[in-house]
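# Structural characterization, general
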Amino acid sequence: MTLLTHRANALLPAGSVNCDIHHPNPTMSQLMPFLPDVWQDLIASRGIVQLDSIAYPNNAPLTCRPDWRDPAGGLTNTPERLAREALDHFGARAGILNNLCGVHMLYDAYMAIAVTKALNDWTRSEWLDKHPGLRASIVPPLQDIEAAVAEVERCAADRRFVQLLFPSSAHMPYGHRSYWPLYKVAVKHGLPIGIHAGSAYHHPVTSVGWPNTVTEDYAAQSQIMQGQLASLVSEGVFTEFPSLKVVLLESGVSWLPAFLWRFGKFWRGLRFETPWVDRPPAEIIRDHVRLTTQPFDVPDNPDIVSRLIDHIGSDDMLLFSSDYPHWQFDGDAVLPAGFDATLIRKIAVENPVASYPRLQEQHA
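This is a predicted model, so every value here is computed, not measured. (Residues numbered from 1 in each chain as written. Predicted model: local features only at pLDDT ≥ 70, side-chain atom pairs only at ≥ 80, totals over all residues. Heavy atoms only, no water.)

## Observations regarding helix α13 (residues 341-355)
For clarity, the cut-off: A helix here means a DSSP run of H or I that spans at least four residues, while a strand means a run of E at least two residues long, and both kinds are numbered starting from the N terminus. A helix is expected to span 1.5 Å multiplied by its residue count minus one. Bend, at a single residue, is the angle you get between axes fitted to the 7 residues ending at that residue and the 7 residues starting at it. Relative accessible area decides the class of each residue, using a 1.4 Å probe on protein chains only: under 20% of the type maximum gives buried, over 50% gives exposed, and in between gives partly exposed.
The terminal C-alpha atoms of α13 lie 20 Å apart, and with 15 residues this matches the ideal 21 Å at 1.5 Å per residue to within 8%. The largest bend along α13 measures about 40° and falls at Ile-347. Along α13, the positions that sit buried rather than exposed are Leu-343, Ile-344, Lys-346, Ile-347, Ala-348, Val-349, Asn-351, Pro-352, Val-353 and Ser-355.

## Topic: the layout of surface pockets
Vacant regions in the atomic arrangement are exposed by a probe of water-molecule size rolled over the atoms. Definition in use: Residues are said to line a cavity or pocket when one of their atoms sits within 4 Å of a point; the points come from a 1 Å grid over protein atoms alone, cavities being sets where a 1.4 Å probe fits but cannot get out and pockets being open sets with protein on both sides within 12 Å along at least five of seven lines. Grid points are joined across faces, edges and corners, and a volume is the space filled by probe spheres set on the points. When residues are grouped by polarity, Ala, Val, Leu, Ile, Met, Phe, Trp, Tyr, Cys and Pro land in nonpolar, Asp, Glu, Lys and Arg in charged, and all others, Gly among them, in polar.
Put simply, the largest pocket is a space of about 580 Å³. Within the lining of the largest pocket, the residues separate by chemical class into twelve nonpolar, 17 polar and four charged. A volume near 230 Å³ is recorded for the second largest pocket. Around the second largest pocket, the lining is made up of 15 residues, and of these Ser-169, Gln-223, Ile-224, Gly-227 and Gln-228 lie nearest the centre.

## Some thoughts on the pattern of salt bridges
Our working definition: We define a salt bridge as a side-chain nitrogen of Lys or Arg found within 4 Å of a carboxyl oxygen belonging to Asp or Glu.
Going through the model one piece at a time under the given rule, you end up with 15 salt bridges. Residue Asp-67 is joined to Arg-65 by a salt bridge in which the shortest nitrogen-to-oxygen separation is 2.8 Å. Under the relative-accessibility criterion, Asp-67 is labelled partly exposed at 47%. Glu-126 serves as the salt-bridge partner of Lys-130, at 3.3 Å between the closest nitrogen and oxygen. Ionic contacts of the salt-bridge type, sharing partners, join the residues Asp-121, Arg-124, Asp-129, Glu-151, Arg-154, Asp-158 and Arg-160 into one network.

## Observations regarding the packing of helix α10 (residues 256-270) against helix α11 (residues 281-288)
Keep this limit in mind: Axis definition: a line fit to C-alpha positions, over the contact stretch in the case of helices; interaxial angles, taken between N-to-C directions, run 0 to 180 degrees. Any angle that falls under 35 degrees is termed roughly parallel, while one over 145 is termed roughly antiparallel, one within 65 to 115 roughly perpendicular, and all others oblique. Throughout, a contact is declared for two residues whenever any of their heavy atoms are within 4.5 Å.
Their axes nearest at 8 Å, the elements α10 and α11 cross at an angle of 135°. Considering the angle they form, α10 stands oblique to α11. Only Pro-281, Ala-282, Ile-285 and Arg-286 of α11 make contact with α10, whose side of the interface consists of Phe-259, Leu-260, Phe-263, Gly-264 and Trp-267. Class assignment for the residues of the contact of α10 with α11 results in seven nonpolar, one polar and one charged.

## So, the sheet that holds strand β7 (residues 289-292)
Worth spelling out the cut-off: Strand pairing is assigned whenever DSSP detects at least two bridges linking the two strands.
In spatial order, the strands read β1-β2-β3-β4-β5-β6-β7-β8; together these eight strands make up an open sheet with parallel pairing. Pairing within the sheet leaves two strands with one partner each, and these edge strands are β1 (17-21) and β8 (318-319). In the packing of helix α6 (residues 180-188) onto the sheet, the strands contacted are β4 (161-169) and β5 (193-199), and the crossing angle to β4 comes to about 155°.

## Considering the side chain of Asp-323
For clarity, the threshold we go by: All tallies of charge rest on Lys and Arg as positive and Asp and Glu as negative; His and the ends of each chain are not included. For this analysis, a polar contact is any N or O atom pair within 3.5 Å, provided that within protein one partner can donate a hydrogen and the other can accept it, and provided that sequence-adjacent residues contribute only side-chain to side-chain pairs.
Along the chain, Asp-323 turns up in the loop between β8 and α13. With no salt bridge to any partner, buried Asp-323 finds its closest opposite charge in Arg-65, at an N-O distance of 11 Å. For Asp-323, the side chain forms a polar contact with the side chain of His-22, separated by 2.9 Å. Those residues in contact with Asp-323, other than ones at most four positions away along the chain, are Asp-20, His-22, His-196, Glu-250, Gln-294 and Gln-328.

## Some words on unusual backbone geometry
With the exception of glycine, most residues fall at negative phi, and the peptide bonds are largely trans. Gln-294 connects to Pro-295 through a cis peptide bond whose omega is 0°. Here Pro-295 shows up in the loop between β7 and α12 (302-312). A cis amide bond, omega 0°, links Tyr-324 with the succeeding residue Pro-325. With respect to the secondary-structure elements, Pro-325 resides in the loop between β8 and α13. One non-glycine residue, Glu-250, adopts positive backbone phi at about 60°.

## Considering the pairing of β7
Consecutive side chains along a regular strand alternate between the two faces of the sheet. Judged by which residues are buried, β7 turns out to be covered on both faces: Val-289 and Leu-291 on one side and Arg-290 and Thr-292 on the other are all buried. Pairing geometry for strand β6 (residues 246-249) and β7, over three bridges, is parallel. Bridge assignment links Val-246 to a residue of β7, and that residue is Val-289. Here two bridges tie β7 to β8, and the two strands are oriented parallel to one another.

## Some points on the packing of helix α8 (residues 221-234) against α10
Selection rule: Should the near helix be turned counterclockwise from the far one by less than a right angle, the crossing is left-handed, whereas a clockwise turn marks it as right-handed.
Remark: α8 packs on α10, axes separated minimally by 11 Å, with the N-to-C direction vectors making an angle of 40°. On the basis of the axis angle, α8 is oblique to α10. Our pair here, α8 against α10, has a crossing hand that is right-handed. Contacts from Gln-226, Leu-229, Ala-230, Val-233 and Ser-234 in α8 reach Leu-256, Phe-259 and Phe-263 in α10. Grouping the constituent residues of the contact of α8 with α10 by class yields six nonpolar, two polar and no charged.

Shown next as structure tokens:
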């Protein structure tokens, strides 16, 4: 691969898509107009004011870059400002909003269903309706799969919703058959499944128990992503749903080649366990799985970047993202130095449009 040094503040190609942007979590007072009266009364009486998880504490440096905080130092934002900083500044024409409100943490499934509906309606009304370049993910209430399917059906009528959004860890591995109705409805509407770093926090986020620090939690997300990939392939999800795409959001990238090798090695010796996995897992993953580019967790060295892409074995798998407002890079260095112009166009324009069928409508 011939690499050209990419100037940090160079604009992206025309038609680029920013595939991972975060609008701030709503307060319960902001969701109240979108909730039925009974839930407004119950939530107010219980004193619930916010549904933030511990994944991105408001004051943690990772949660928001200093120059992207509002004048008061908080995370408050507006669609206009978000679009200016996460789209216009980088030359992207569209961006996908992924809200990380902690609705999946709720044990009360009835409340989870009501709040999730309100969250999706709030995103539509207060964000999508306010800027034409914004698209969003549907957040389904995973506590009740039947209700989650109904919520996807309800929201999918709005073509500005372009994928389903899952936290990287919820109640069980995502290959489990209980999730399959969601994959069926996702395929029906041409919606990929986005799995974003985070958790319902019903189980420890590491394989050895609960960590004490945000650093441990965040670093362990790559292990969770590996577990979800192994589950999706081993349980036969991509065999059952051959057109399904899964996007790993904020998963990192550098762990993938070693995982593909290790997973493939043991599949060869134990393939009798999974006769429905009829070709090497690496081939299945390259066909069905995509990863966003932030955090691009390798040294900013063109040779290393080139070797990583070669080891992944496909330039179809990467999707451009800024992970706004999370602090993954400084200044305008949204892509690592070393991506050549052809690869930049591939990951910023061609791959997103191919991965998200509803984006094709805007690029036609």
